Amino acid sequence: MTGKQRISYFYQPDVGHFYYGPSHPMKPHRIKMAHHLILSYGMYRQMECYRSHPATPAEMAAFHSEDYIQFLAKATPDNLRGHSTAMQRFNVGEYTDCPVFDGIFEFTQLYAGASLDGAVKLNRGDADVAINWSGGLHHAKKSEASGFCYINDIVLAILELLKVHARVLYIDIDIHHGDGVEEAFYCTDRVMTFSLHKYGDFFPGTGHIKDTGAKEGTGFSVNAPLTSGMTDDAYVRIFKPVMAKIMEVFRPGAIVLQCGADSIVGDRLGCFNLSLRGHAECVRYTQSFRVPTLVLGGGGYTIRNVARCWAYETSVLLDVDLPDEIPYNDYYEFYAPDYKLHLTPDQRENLNTEASLESVRIDLLTQLNGLKGAPSVQMMEVPPDFELIRQSIGVEDDRSDAKEDREGEGMNDGGSGDDVRERGSGRTRDGKGERRAHEAEFYDND
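Residues numbered from 1 in each chain as written. Predicted model: local features only at pLDDT ≥ 70, side-chain atom pairs only at ≥ 80, totals over all residues. Heavy atoms only, no water.

## Section: empty space enclosed by the protein
Okay, so step 1: For the structure on display, the rule yields two cavities of 30 Å³ or more.
Okay, so step 2: In this model, the largest cavity occupies a volume close to 60 Å³.
Okay, so step 3: His138, Cys149, Gly298, Gly299 and Tyr301 are, among the 14 residues lining the largest cavity, the residues nearest its centre.
Okay, so step 4: Taken together, the residues of the lining of the largest cavity break down into four nonpolar, seven polar and three charged.
Okay, so step 5: The volume enclosed by the second largest cavity comes to roughly 50 Å³.
Okay, so step 6: Forming the boundary of the second largest cavity are Tyr9, Phe10, Tyr11, Gln12, Val15, Ile31, Ala34, His35, Asn132, Trp133 and Ser134.
Okay, so step 7: Elements represented by at least two residues in the lining of the second largest cavity include exactly β1 (7–10) and α1 (29–40).
Okay, so step 8: Residue classes in the lining of the second largest cavity are distributed as seven nonpolar, four polar and no charged. (1 Å grid on protein atoms, 1.4 Å probe; cavity = no way out; pocket = protein on both sides within 12 Å on 5 of 7 lines; lining within 4 Å. Points joined across faces, edges and corners; volume = space filled by probe spheres on them. Nonpolar A, V, L, I, M, F, W, Y, C, P; charged D, E, K, R; others polar. Helix = DSSP H or I, 4+ residues; strand = E, 2+ residues; numbered from the N terminus.)

Laid out in structure tokens, this is it:
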């Protein structure tokens, strides 16, 4: 790679202050922890940092239905009794994995607005890479919440990029299949989706290798179904040749890369065995093509490891080396007992055999070889982009010395306790969980 690329970083200080509820594995606080690692390592000095704007209902309506947006805007924990029919219709509420919590709509506005701002920055040619670690909520559908996701910021950002670019590539390295994004673009050849995920008795249950698209989009959905224990070497041996072939035949004008951290070792819901370096190698390889790229977060439920992952991948994008010793920051005690950046993969079996991986690789390359070149579109006047609010981010002063109770977090072994949810309601199979007290997650006097 010759010459460092221009990196823009989008962050809203309030995005880490929302709380899904007791025992819920999704912790927005992880975004704030990642931000403080980025600050303490000094990486903010090498990026253009922006406070993103909150997405408006009109911007969300580019993909989502207006009645769904209106429901999210008015739903609160105090008025649920009057919305039981709507909650069932939109897959939101107590008996789903998408609860109604205080500030739910504001939360969606913050993460979606940052992704839109990043897309606009790329469209204007003002950056080579735009980062929004609060984004990447890939399960949300047009009129339905799913898998902890309410508004699909990825789809909104891709639609924004399509105003300027004829073709957009979406890459998903979350352990869960990127079903919401694939579904949104399943019938078009202007967006190619490439997802590597656990497939089988695992949420959301989609992403079979033969799910390749429909109508004009036939062949443009690329799925790599994997199973438990995936290692760095095995993962990269699937990712790199397929990615190289995609760039050859599809030639995207822009890329959206979802970096869900639940595919790294030790995740509470995941069962892969990737190190930070293995996960980040996909980021490094994608950046090597020097195509305008929007980099987003996603899943990740052992929050200290999520912060480690996204801080390290920020350094990869900046092409800087970080010391393994984590510098002191507001959440330093989360990284006990070793206070190191990198994670060591577990000594466990990779259930993906050489034969199964080779079969996936060959099938995907065959699928891509069958495409008849990159599709083109008629030139049209570019629609106006959304307003971009630019405010430099300062270091926050709100310090907290509370600790997270980390007991119970750790590797999921790919057995019956994996992230298996009923497809109808999205509810976890056993419904169990434990409350982890931290004042940043707004527990009430307990």
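After that view, the rundown keeps rolling.
## Notes on the sheet that holds strand β6 (residues 221–226)
Okay, so step 1: Ordered by their spatial adjacency, eight strands build an open sheet running β2-β1-β3-β8-β7-β4-β5-β6, and the pairing between neighbours is parallel. What marks the edges here is a single partner per strand, and that holds for β2 (48–50) and β6. Recorded for the sheet is a direction-independent mean angle of 15° between the axes of neighbouring strands.
Okay, so step 2: Alignment of β1 against β2, held across three bridges, turns out to be parallel. Bridge pairing in β2 links tyrosine 9 to cysteine 49.
Okay, so step 3: Helix α8 (residues 232–250) contacts β4 (168–172), β5 (191–198), β6 and β7 (254–258) of the sheet and is inclined by roughly 175° relative to β5.
Okay, so step 4: Contacting β1, β3 (129–132) and β8 (293–296), helix α10 (residues 303–318) crosses the sheet at an angle of about 170° to β3. (Pairing = 2+ DSSP bridges. Axes fitted to C-alpha atoms, helices over the stretch in contact; angles between N-to-C directions. Contact = heavy atoms within 4.5 Å.)

## Description of the pattern of salt bridges
Okay, so step 1: A complete count under the given rule lists 13 salt bridges for this structure.
Okay, so step 2: Measuring nitrogen to oxygen at the nearest pair gives 2.3 Å for the salt bridge that ties arginine 89 to aspartate 67. Pair noted here: arginine 89 is in helix α4 (residues 84–90) and aspartate 67 is in helix α3 (residues 66–74), with a separation of 22 residues, a long-range link.
Okay, so step 3: Owing to a relative accessible area of 52%, arginine 89 belongs among the exposed residues under this scheme.
Okay, so step 4: Accessibility expressed as a relative area gives 30% for aspartate 67, which makes it partly exposed.
Okay, so step 5: Here arginine 284 and glutamate 281 are joined by a salt bridge, their closest N and O atoms 3.3 Å apart. Taken together, the residues span about one helical turn, with arginine 284 and glutamate 281 both in helix α9 (residues 276–287) at a distance of three residues.
Okay, so step 6: Overall, glutamate 281 belongs to the partly exposed group, its relative accessible area being 21%.
Okay, so step 7: Taken together, the shared-partner salt bridges in this structure form one network comprising Asp233, Arg237 and Glu354. (Salt bridge = Lys/Arg side-chain N within 4 Å of Asp/Glu carboxyl O. Buried < 20%, exposed > 50% of the residue type's maximum accessible area, 1.4 Å probe, protein only.)

## Some thoughts on the packing of helix α5 (residues 104–123) against helix α6 (residues 153–161)
Okay, so step 1: Running from amino to carboxyl end, α5 crosses α6 at an angle of 20°, the nearest separation of the two axes being 9 Å. Considering the angle they form, α5 stands roughly parallel to α6. Considering the relative orientation of α5 and α6, their crossing is right-handed. Residues Tyr111, Ala112, Ser115, Leu116, Ala119, Val120, Leu122 and Asn123 of α5 form the contact with α6, whose own contacting residues are Asp153, Leu156, Ala157, Glu160 and Leu161.
Okay, so step 2: Taken together, the residues of the contact of α5 with α6 sort by class into nine nonpolar, two polar and two charged. (Parallel < 35°, antiparallel > 145°, perpendicular 65-115°, else oblique. Left-handed = near helix turned anticlockwise from the far one by under 90°.)

## Brief notes about unusual backbone geometry
Okay, so step 1: That bond from phenylalanine 203 to proline 204 is cis: its omega, 0°, falls within 30 degrees of zero.
Okay, so step 2: Relative to the assigned elements, proline 204 resides in the loop between β5 and β6.
Okay, so step 3: Following alanine 336, the chain continues into proline 337 via a peptide bond in cis, with omega recorded as 5°.
Okay, so step 4: Note on placement: proline 337 falls in the loop between α10 and α11 (354–369).
Okay, so step 5: With phi around 70°, serine 23 is a residue other than glycine that occupies positive phi space.
Okay, so step 6: Taking the relative accessible area as the measure of exposure, serine 23 reaches 29% and is therefore partly exposed.
Okay, so step 7: One non-glycine residue, phenylalanine 148, lies in the positive phi region at around 75°.
Okay, so step 8: Along the chain, phenylalanine 148 falls in the loop between β3 and α6.
Okay, so step 9: Judged by relative accessible area, phenylalanine 148 falls into the buried class, the value being 1%.

## Let's talk about the side chain of aspartate 267
Okay, so step 1: Structurally, aspartate 267 can be placed in the loop between β7 and α9.
Okay, so step 2: For the buried residue aspartate 267, which engages in no salt bridge, the nearest side chain bearing the opposite charge is arginine 30, 7.3 Å off.
Okay, so step 3: Among the polar contacts listed, one links the side chain of aspartate 267 to the backbone nitrogen of tyrosine 301, at a separation of 2.7 Å. (Lys, Arg positive; Asp, Glu negative; His and termini not counted. Polar contact = N/O pair within 3.5 Å; in protein donor to acceptor, adjacent residues only side chain to side chain.)

## What about the packing of α8 against α9?
Okay, so step 1: In contact at an axis separation of 9 Å, α8 and α9 are set at 15° when each is read in the N-to-C sense. When the axes of α8 and α9 are compared, the pair comes out roughly parallel. Crossing geometry of α8 relative to α9 is assigned as right-handed. Where α8 approaches α9, its residues Asp232, Tyr235, Val236, Phe239, Lys240, Met243 and Ala244 are matched on the opposing element by Gly278, Glu281, Cys282, Tyr285 and Thr286.

## A closer look at the confidence of the model for the protein
Okay, so step 1: Averaged over the protein, the pLDDT score is 88; the fraction of residues at 70 or greater is 84%.
Okay, so step 2: Predicted confidence for residues 387–411 stays below pLDDT 50, and this span has 77 contacts to residues more than four positions away or in other chains.
Okay, so step 3: The model gives residues 423–446 a pLDDT under 50, and that stretch makes 65 contacts with residues more than four places away or in other chains. (pLDDT = per-residue confidence, 0-100.)

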